[in-house]
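Summary of structural features
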Amino acid sequence: MSPSSRENHVQNPFKTWKLLVSPLIKPMDIVSLFVKSALFIFTVISIYLLFFYALSNKLHYSTSNCPQSQCDTNRLLSSQKKLLTRQNTTLYNEPKTNVSHIVFGIGGSANTWDDRRHYCELWWKPGLTRGFVWLDEKPNKTWPATSPPYKVSQDTSRFQYTSWYGTRSAIRIARIIKETFRLGLGDVRWFVLGDDDTVFFLENLVTVLGRYDHNQMYYIGGNSESVEQDVIHSYTMAYGGGGFAISYPLAAELVRVLDGCIDRYASFYGSDQKVQGCMAEIGVPVTKELGFHQIDIRGDPYGLLAAHPLSPIVSLHHLDYVLPIFPNMSQIESLKKLMGAYKTDPNRAVQQSFCYDLSRNWTVSVSWGYTVQLYPSLETAKRLETAYLTFKSWRSWSDEPFTFNTQYFSPNPCERPIIYFLDRVQKAGKGKDQTLTTYERVKSEHDKDCDNKAYAPALAVKRFQVSASTLDPDHWKLAPRRQCCEVINGGGSRNSAVRIKIRECKSFESVTPP
């Protein structure tokens, strides 16, 4: 090729392309080709979706008329399809978790239900909550309409159980998650397991679970309060009496391996311990939330509730084994009173705040909706947040150890605070977005007042009135921080009521004065 011809070629690089393409392809041809391609893709997707839904319906229908092993396979295939659909949907496109997304599995017994149903009926909301009490046999009397509906557990005689100090009912209770999952209920995000004497605080349960991605594998609960229980059973286990939550994807995997786990861990004492053994095999650890309370303590739970952790209260258990949480009441009456305050402001219930009256060197600790403690002295926040030892350990009835710090509760009235209990609660403010709670002293004939002159002005205070804004559930999505409070008026012989205001702390403000 000569230099001149090479130059002509370089100067017209698209000449050949134009000769090949432009006579053959017109703009309208390109548009037509695009439309045909789009129609083809749409047709293929439509056929796929029709096939997918047809197969899903077939699997769902077949679960009611198939051998057990085939039913389990079909359910697992169906659950895997649901999981794929969930994973392709971002959290931002889903509604917030609410109580309808939770299915409860409650372990119960036909013989003891009448004695224990009052605990469940405190929180169960017919027509709103979903789930079942799983019984060992069919009850021989009319089932109460105020109780959760019941189902009878399957026979578990084929499973091994070798714990010398336990009962075989642990197997039946452990399988509640599997039998509940097999029901195939729709739109389930969480399975929550508990006992027939577990009291759940529904709104707070929803708040806590709403912080987690239910499309992931989560196992959420709490430990025992008594170290001796954690040593014997496990620190890595969510204790069943306090209740625990299992996300749908984890439940689908747990159901697949559960029966084999039950036999492999035949020597384990409790149902929750067996479930945790399965979780270890799946590789999912417990996510601990401080609001789940096993209440593995004896005596008076006052010290624990008066210094509740900085977390929403989610559950209480073993309430037949501790004193009533309010004096001069039965346990059920006490719980109804606590629930009354809780329903007024769920997220603030038993949350602790500290106030200081520097003019008289007073300290006030408020456990909202439960109790107020008045100290005629200035006390540190560290002391105030430490639970008084009003209880003993679960197994040995000892003063220690516990999984949280405790302090001695002196019988000497001059060495402890003056205690007030909730009297009433009401909504306040124009928009009913505030609360006003009143706390009064409750003395028995055996209670003695401190005869120290320094206590006299404090003893003249007959009641506390505490105002607060309703706490938004989104408060618990932030880094946890205790709210501040301040004394609004004095109290004393002429004014026997002290008014307190709880509020968010200001910038550069601590809960204690400098």
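Here we summarise the structure given alongside this text. (Residues numbered from 1 in each chain as written. Predicted model: local features only at pLDDT ≥ 70, side-chain atom pairs only at ≥ 80, totals over all residues. Heavy atoms only, no water.)

A look at helix H8 (residues 202–209)
Burial runs high along H8: seven of the eight residues are buried. Taken together, the buried positions of H8 are occupied by Leu202, Asn204, Leu205, Val206, Thr207, Val208 and Leu209. (Buried < 20%, exposed > 50% of the residue type's maximum accessible area, 1.4 Å probe, protein only. Helix = DSSP H or I, 4+ residues; strand = E, 2+ residues; numbered from the N terminus.)

So, the packing of aromatic side chains
A ring pair, where both rings are aromatic, is described by two values, the distance of the centres and the angle of the planes. One pass over the structure, following the stated rule, counts 28 aromatic pairs. Summarising the aromatic geometry, the rings of Trp123 and Trp124 are spaced 5.7 Å apart at their centres and angled 75° between planes, so their arrangement reads as edge-to-face. Counting every residue linked through ring pairs, the aromatic cluster contains Phe104, Trp123, Trp124 and Phe200. A cation over a ring is seen here: Arg298 above Trp394, with NZ or CZ 3.8 Å from the ring centre. For the cation-ring pair, Lys337 lies above Phe326, with the distance from its terminal atom to the ring centre recorded as 5.1 Å. (Phe/Tyr/Trp six-rings, centres within 6.5 Å; stacked < 30°, edge-to-face > 60°. Lys NZ or Arg CZ within 6 Å of the ring centre and 35° of its normal.)

Topic: the pairing of strand S12 (residues 362–367)
Counting buried residues along S12, six of its six residues qualify, which places the element largely inside the surrounding structure. On S12, burial covers both faces: Trp362, Val364 and Val366 on one face and Thr363, Ser365 and Ser367 on the other are all buried. Both strand S11 (residues 352–357) and S12 contribute to a ladder of six bridges, which runs antiparallel. By the bridge assignment for S12, Asp357 is matched with Trp362. Hairpin geometry of S11 and S12 is characterised by an intervening segment of four residues between the two adjacent antiparallel strands and by a positive phi of about 60° at Asn361. Here S12 runs beside strand S13 (residues 371–375); their pairing, made up of five bridges, is antiparallel. Bridge pairing in S13 links Ser365 to Gln373. Taken together, S12 and the strand that follows it, S13, pair antiparallel across an intervening segment of three residues, in which Gly369 is found at a positive phi of about 80°. (Pairing = 2+ DSSP bridges.)

Details of the packing of helix H5 (residues 113–123) against helix H13 (residues 331–344)
At their nearest, the axes of H5 and H13 sit 11 Å apart, and the two run at 5° to each other. Our classification of the angle between H5 and H13 gives roughly parallel. Together, His118, Tyr119, Leu122 and Trp123 of H5 and Gln331, Ile332, Leu335, Lys336 and Met339 of H13 make up the contact between the two elements. A per-class count over the contact of H5 with H13 returns six nonpolar, two polar and one charged. (Axes fitted to C-alpha atoms, helices over the stretch in contact; angles between N-to-C directions. Parallel < 35°, antiparallel > 145°, perpendicular 65-115°, else oblique. Contact = heavy atoms within 4.5 Å. Nonpolar A, V, L, I, M, F, W, Y, C, P; charged D, E, K, R; others polar.)

Quick look at the state of the cysteines
Counting across every chain of the model gives three disulfides. One disulfide bridge connects Cys355 with Cys485, the sulfur atoms lying 1.5 Å from each other. Residues Cys355 and Cys485 share a disulfide whose torsion about the S-S bond is about -125°; that sign makes it left-handed. Within this pair, whereas Cys355 is found in strand S11, its partner Cys485 is found in strand S20 (residues 484–487), the two being separated by 130 residues in sequence. Just as Cys355 is buried, Cys485 falls in that class too. Residue Cys414 pairs covalently with Cys450 via a disulfide, S to S 1.9 Å. Residues Cys414 and Cys450 are joined through a disulfide that is right-handed, its torsion about the S-S bond being 100°. Separated by 36 residues along the polypeptide, Cys414 in the loop between strand S16 (406–407) and strand S17 (418–428) and Cys450 in the loop between strand S18 (434–440) and helix H15 (456–459) bring together distant segments of the chain. (Disulfide = S-S within 2.5 Å.)

Re the sheet that holds strand S3 (residues 150–152)
Taken together, seven strands build an open sheet; the order of strands is S3-S2-S1-S4-S7-S6-S8 and the sheet is mixed. The open sheet has two edge strands, S3 and strand S8 (287–288), and neither has a second partner. In this structure, strand S6 (residues 219–221) lies alongside S8, joined through two bridges in parallel fashion. From the neighbouring strand, Gly221 faces S8, where its bridge partner is Lys288.

In short, shape yes, function no, at least from these values alone.
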